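Spelled out, the chains give:
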Amino acid sequence: MEGEVTKKSVILYPIYINSKKTIPEGRRISIGKACENPTCIEIADCCKYLKLPCKIEDKVYPRDFLQVGRVRVALKREDGTFTNPEISSRKQLMLRVAEMVPRHPGRAKKPQEAATSSNAPAKSGKGGKKKR
């Protein structure tokens, strides 16, 4: 599948569908349809589920050099027909992927792990100055 991905393929940075980012920071879809902090791996898994050839590249986003990784997705075959007829544009791809990322199997485990690790013992006591 990766053999079909060429330089003419669509590039998807995770910031494009991140609800925590603003439009000047790089978000390209509305906040209501965006998802929270997507990763390249989650985006690539969603593309593979949609039967779209994709490839993860180790590149940085130009506006935010701390954001590493992007996904190159082939929407069309070499003969010009769409790989998945349901997705015919970059915008449709971003909306479908943003819709699928919150249901990603790797993402479902994160809130449960955070809930179990946050049960640290709480400090008790009045604190403050003692009266004499």
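Remember, it's a predicted structure, so these values are computed and weren't measured experimentally.

Caption draft 1: Examining the overall build of the protein more closely. Summing up its helical and strand segments, the protein has three helices and three strands in all. For the protein, the sequential pattern of α-helices and β-strands runs β-α-β-β-α-α. Out of the 132 residues belonging to the protein, those deemed buried represent 36%. Sequence separation of 24 or more characterises 58% of the internal contacts of the protein that already satisfy a separation of 6 or more. Only carbon and sulfur atoms are counted for the fraction: they give 54% of the accessible area of the protein, which is about 9400 Å².

Caption draft 2: Just the layout of surface pockets, in detail. Put simply, the largest pocket is a space of about 220 Å³. Residue classes in the lining of the largest pocket are distributed as four nonpolar, two polar and five charged.

The rules we used
Residues numbered from 1 in each chain as written. Predicted model: local features only at pLDDT ≥ 70, side-chain atom pairs only at ≥ 80, totals over all residues. Heavy atoms only, no water. Helix = DSSP H or I, 4+ residues; strand = E, 2+ residues; numbered from the N terminus. Buried < 20%, exposed > 50% of the residue type's maximum accessible area, 1.4 Å probe, protein only. Contact = heavy atoms within 4.5 Å. Areas by Shrake-Rupley, 256 points an atom, 1.4 Å probe, with all protein chains shown as cover. 1 Å grid on protein atoms, 1.4 Å probe; cavity = no way out; pocket = protein on both sides within 12 Å on 5 of 7 lines; lining within 4 Å. Points joined across faces, edges and corners; volume = space filled by probe spheres on them. Nonpolar A, V, L, I, M, F, W, Y, C, P; charged D, E, K, R; others polar.

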